[in-house]
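Examination of the molecular architecture
Each chain is listed here by its residues.
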Amino acid sequence: GKAVIGWTGSLTSVAHLQLALPMLAELQAKLGDKFILRVISDRPLEAPGLHVENVRWNAAMEAEDLAAIDIGIMPLPDNEWSRGKCGFKGLQYMGMGKAVVLSRVGVNSTIVQDGANGFLASTDAEWTEKLSKLIADSDLRQRLGQAARRTVEEKYSVIAWRDRYLDLFNEMTRRT
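This structure is a prediction, so every number in the text was calculated from the model and none was measured. (Residues numbered from 1 in each chain as written. Predicted model: local features only at pLDDT ≥ 70, side-chain atom pairs only at ≥ 80, totals over all residues. Heavy atoms only, no water.)

Of the regular secondary structure elements, the protein holds eight helices and six strands. In summary, the protein has a C-alpha radius of gyration of 17 Å against a globular reference of 16 Å for 176 residues, a match within 12%. Its C-alpha atoms give the protein principal-axis dimensions of about 65 × 35 × 35 Å. Residues counted as buried form 45% of the 176 residues belonging to the protein. At a minimum sequence separation of 6, the contacts of the protein that also span at least 24 residues come to 62%. (Helix = DSSP H or I, 4+ residues; strand = E, 2+ residues; numbered from the N terminus. Rg over C-alpha atoms; globule rule 2.2 N^0.38 Å. Buried < 20%, exposed > 50% of the residue type's maximum accessible area, 1.4 Å probe, protein only. Contact = heavy atoms within 4.5 Å.)

Structure (structure tokens):
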């Protein structure tokens with residue numbers, strides 16, 4: 001079937017997705033009906049020339065709504081504000097074992113090792129190339145998604161940080 005490219009965010013961050021819409025529309029014109037864009041947000045997205053499936057964000061359904069995507073995207077402009085973002089959206093996709101394409105901005109370059117556990121992109125040409133690869137190759141999506149999940153488990157999960165949290169907690173209780 002069709003690959004599902006997913007994005008989740010709110011009205012405040014939809015401007016970042018809108019930056020990628022011309023590239024996504026061009027990709028859709030090139031690939032036809034090989035993918036759809038699933039937007040999980042508090043407001044529907046209108047994007048003429050692009051097959052968009054709008055899903056109203058709901059905390060109780062968020063995991064289920066994200067489970068239906070194949071590729072998670074996090075487009076960002078390269079500016080001071082975006083360089084200070086935490087990468088949560090990318091980690092959210094990766095923690096669910098999804099292949100990702102993230103802007104090569106800020107902490108994203110620390111989280112994703114390009115080609116090993118996801119893809120990083122800076123230009124429309126890079127975005128198009130990397131999304132095209134993922135749309136065409138379900139095995140690649142699966143491999144990168146599994147590597148992404150391992151990254152989150154090993155570096156960003158509660159279990160990965162458990163001993164550090166316990167050390168800090170014990171240090172704080174000794175001081176009191």
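Under the criterion given, the structure shown has eight salt bridges. The partner of R38 in a salt bridge is E53, and the shortest N-O contact between them spans 2.6 Å. Here E53 lies in strand β3 (residues 52–56) and R38 lies in strand β2 (residues 35–41), a separation of 15 residues in the sequence. For R175, the salt bridge goes to E171, with nearest N and O atoms at 2.5 Å. One end of the pair is R175 and the other is E171, both in helix α8 (residues 158–175) and four residues apart, which spans about a single turn. By relative accessible area, R175 is classed as exposed at 66%. A residue is classified by how much of its surface remains accessible, and E171, at 31% relative accessible area, is partly exposed. (Salt bridge = Lys/Arg side-chain N within 4 Å of Asp/Glu carboxyl O.)

Before going further, it helps to examine a nonpolar patch on the surface. Together, V158, W161 and Y165 make up an exposed nonpolar region whose accessible area comes to about 360 Å². Structurally, the position occupied by W161 is in helix α8. With a relative accessible area of 39%, W161 lands in the partly exposed category. (Patch = residues over 30% accessible without salt bridge, like charges linked within 9 Å, V, L, I, M, F, W, Y side chains within 5 Å. Areas by Shrake-Rupley, 256 points an atom, 1.4 Å probe, with all protein chains shown as cover.)

A separate point is the nonpolar core. Core analysis: the biggest nonpolar cluster contains 49 residues, and I5, L24, L37, I73, V101 and L131 have the highest contact counts within it. By residue number, the principal contributor to this core is helix α1 (residues 14–31), which donates eight residues. When near neighbours in sequence (up to four residues on either side) are disregarded, I5 contacts L24, F35, I36, L37, R38, I71, I73, L131 and I135. (Core = buried A, V, L, I, M, F, W, Y, C linked by side-chain atoms within 4.5 Å.)

Attention now moves to helix α7 (residues 138–156). Helix length check: α7 (19 residues) gives 26 Å between terminal C-alpha atoms against 27 Å at 1.5 Å per residue, within 8%. What α7 keeps buried is the set L140, R141, L144, G145, A147, A148, T151 and V152. (Expected span 1.5 Å × (residues − 1).)

Along its 18 residues, α1 runs 24 Å from first to last C-alpha, staying within 8% of the 26 Å computed at 1.5 Å per residue. Remark: the principal bend of α1, roughly 40°, maps to L21, with a proline, P22, within the next four residues. Among all positions in α1, only V14, H16, L17, A20, L21, M23, L24, L27, Q28 and L31 are buried. On the buried face of α1, the contacting elements are β1 (3–8), β2, β4 (71–74), α3 (80–83) and α6 (124–136). (Bend = angle between axes of the 7 residues up to and from the residue.)

This part covers the sheet that holds β4. If you walk across this open sheet you meet the six strands as β3-β2-β1-β4-β5-β6, and the pairing is parallel. Two strands bound the open sheet, and with one partner strand each, they are β3 and β6 (119–121). Strand-to-strand, the axes of this sheet are offset by a mean angle of 25°, without reference to chain direction. Pairing between β2 and β3: five bridges, direction parallel. From the neighbouring strand, I40 faces β3, where its bridge partner is V55. Those strands touched by helix α4 (residues 88–95) are β1, β4 and β5 (99–103), and its axis lies near 140° from that of β1. Docked against the sheet, α6 engages β1, β2, β4, β5 and β6, running at close to 175° with respect to β5. (Pairing = 2+ DSSP bridges. Axes fitted to C-alpha atoms, helices over the stretch in contact; angles between N-to-C directions.)

None of this, on its own, says anything about what the molecule does.
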